[in-house]
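In case you want the letters, here they are:
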Amino acid sequence: MPTIFSVLTKPFSGPGKEVSSEENRAEIARVRDELLAEGHIVHAAGFIQKVDGEQVNYTSSLEALKNCYEKGNNFCELDFLMTTDGQLVCAHSWKQLYDNGEVLSGAVSLEQALNCKVEGEFTPLDLDRLSAFMRDHTNIYIVTDIKQDYNVDGARLIAEKYPELMDRMIIQVYHEQEAVTMEEIGFRYIIYTLYRTSEEERTPEAIRDAASKHDFVAWTVKKSFLNDELISAIDGSGGIIFTHTINDPEDMKNYIAMGVDGFYSDVVSWDDIKKELGNGR
C-alpha cells in the first residue's frame, strides 16, 4: 500500500515553522509509517487496574497515560472535554469525575475538575499536566478526541498554549471541512475519523475528494461503517485504515482480512497481541 498520497498538501506554517509541501508530505509519511508499524492506538490511555483489582478503561487519566507509556506504546488517544471556563480536561464524560465522592452531573470549571478523581481514584489530565508529561517523554504522540462541538476551539487552545507540542499531537477531525481549519491553525498530523459523518460524507466519491485535498495520517472507520467500497476508496487513495475499539485478537484477524491496517484498543500489553496475530503487527 502506498504511504505518501499524491495530493497538494499546504506548507506547514505552525509557530516558528515554514516548510515546503514536499517536506511536509515526507513528515506526514514518516508518522504514518510509524503508526502502521505500531499497528494500534491505545484508546483513552487503555486499561488500568484500580486499587480493588477492578480493571477499567476510558479514564484518559495521568496514571493510565503513564501505564500506557511504560508498556511501550507510542500512540495514545485521549478524550477531551471543555470546562465552563473554556479550558480542556481529559475525560470521556463528566460522570467519570468524582468530587469528594460525588459524581459530577455536568461541566465544571478547570479548577474544580482538577480537584476531582477519575472513576473516584485517578488523576485527571489538563493541558498543563499533559504537556509536562510529553516534555518528559519525547517519543509519544497524543491522538485527540475532543468531544461535542468544540473540536476546533480545543485545537486552537492547544496551538495557543503549547505550540511546541503541535507536532506531537495528531488531531482527529470528524468532517472534511474541519481538516481545512486544522491545517490553517498549523496542525500537520490529522486523522479523519468517520464516526460522526453522514452517509453522504462516506460515499466513495466523498472519500476520494477528501483524500485529494488532505494528506491524512490515517482514516478511522467504526466497525459498522466498514464495507468493501469504503475500504477500496481509502486504500485506492493511499490511506491506511484503523477501526475501533477492538480488544480481541481473533476479531483483529478478521478485520485485517477485510483490509484494516490497525486498531484503537484498550489493551496496553501489545506484545501479547502481536503473538496472537502472528503477523509481526
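Heads up: the structure comes first, above all this text.
Given the structure is predicted, the values throughout are model-derived calculations rather than measurements.

Every buried residue belonging to helix α9 (residues 249–258) is among P249, M252 and Y255, and all of these are buried. End-on, the buried residues of α9 take up no more than an arc of 115°, which puts them together on one face. Along its buried surface, α9 packs onto β13 (241–243), β14 (262–265) and α10 (270–277). Near the N-terminus of α9, the side chain that reaches the backbone nitrogen of E250, with its oxygen 2.8 Å away, is that of D248. Once α9 ends, the next one or two residues include G259, with phi positive near 120°.

This brings us to the sheet that holds strand β8 (residues 117–118). With antiparallel pairing, 3 strands are arranged side by side in an open sheet as β7-β6-β8. Each having just a single partner strand, β7 (102–103) and β8 make up the two edges of the open sheet. Judged from the 2 bridges that link them, strand β6 (residues 97–99) and β7 form a sheet pairing that is antiparallel. Looking at the pairing, D99 lines up with E102 of β7.

A word on unusual backbone geometry. With omega at -20°, the peptide bond leading from H244 into T245 counts as cis. Residue placement: T245 occurs in the loop between β13 and α9.

Grouped together as the largest cluster of nonpolar side chains are 77 residues, with contacts concentrated most on L78, I142, F187 and W219. Apart from the residues within four sequence positions on either side, I142 is in contact with L65, C76, L78, L130, M134, R168, M169 and I170. Within the second largest apolar cluster, 15 residues are counted, among which are Y141, V143, I240 and Y264.

Inspection of the secondary structure assignment puts A107 in the loop between β7 and α3 (110–114). With residues up to four places along the chain from it excluded, the contact list for A107 reads M82, T84 and W94.

Bringing a negative patch on the surface into the picture now. A surface patch of like charges, here negative, comprises D248, D251, D271, D272 and E276. Topologically, D251 is positioned in helix α9. The partly exposed category is assigned to D251, whose relative accessible area is 35%.

Let us look at the packing of aromatic side chains. Scanning the entire structure with this criterion turns up 8 aromatic pairs. Centroid distance Y192 to W219: 5.3 Å. Interplanar angle 40°. Geometry classified as tilted. On the criterion of sequence distance, the pair formed by Y192 in strand β11 (residues 190–193) and W219 in strand β12 (residues 218–220) is long-range, its members being 27 residues apart. Taking the relative accessible area as the measure of exposure, W219 reaches 0% and is therefore buried. Here a set of aromatic residues connected by ring pairs shows up, and it is made of F75, Y141 and Y189. A cation sits over an aromatic face here: R196 above Y174, 3.7 Å from the ring centre.

What follows deals with the pattern of salt bridges. Tallied over the entire structure, the rule returns 10 salt bridges. Put simply, R30 and E27 hold a salt bridge, and the shortest N to O gap is 2.9 Å. Of this pair, R30 and E27 both sit in helix α1 (residues 21–38), 3 residues apart, which is roughly one turn of the helix. Of the residues examined, R30 reaches a relative accessible area of 32% and is grouped as partly exposed. A cluster of three or more residues bridged by salt bridges with shared partners is formed by E27, R30 and E34.

Scoring rules and cut-offs
Residues numbered from 1 in each chain as written. Predicted model: local features only at pLDDT ≥ 70, side-chain atom pairs only at ≥ 80, totals over all residues. Heavy atoms only, no water. Buried < 20%, exposed > 50% of the residue type's maximum accessible area, 1.4 Å probe, protein only. Helix = DSSP H or I, 4+ residues; strand = E, 2+ residues; numbered from the N terminus. Arc of directions from axis to C-beta. Contact = heavy atoms within 4.5 Å. Polar contact = N/O pair within 3.5 Å; in protein donor to acceptor, adjacent residues only side chain to side chain. Pairing = 2+ DSSP bridges. Core = buried A, V, L, I, M, F, W, Y, C linked by side-chain atoms within 4.5 Å. Patch = residues over 30% accessible without salt bridge, like charges linked within 9 Å, V, L, I, M, F, W, Y side chains within 5 Å. Areas by Shrake-Rupley, 256 points an atom, 1.4 Å probe, with all protein chains shown as cover. Salt bridge = Lys/Arg side-chain N within 4 Å of Asp/Glu carboxyl O. Lys, Arg positive; Asp, Glu negative; His and termini not counted. Charge placed at Lys NZ, Arg CZ, Asp CG, Glu CD. Phe/Tyr/Trp six-rings, centres within 6.5 Å; stacked < 30°, edge-to-face > 60°. Lys NZ or Arg CZ within 6 Å of the ring centre and 35° of its normal.

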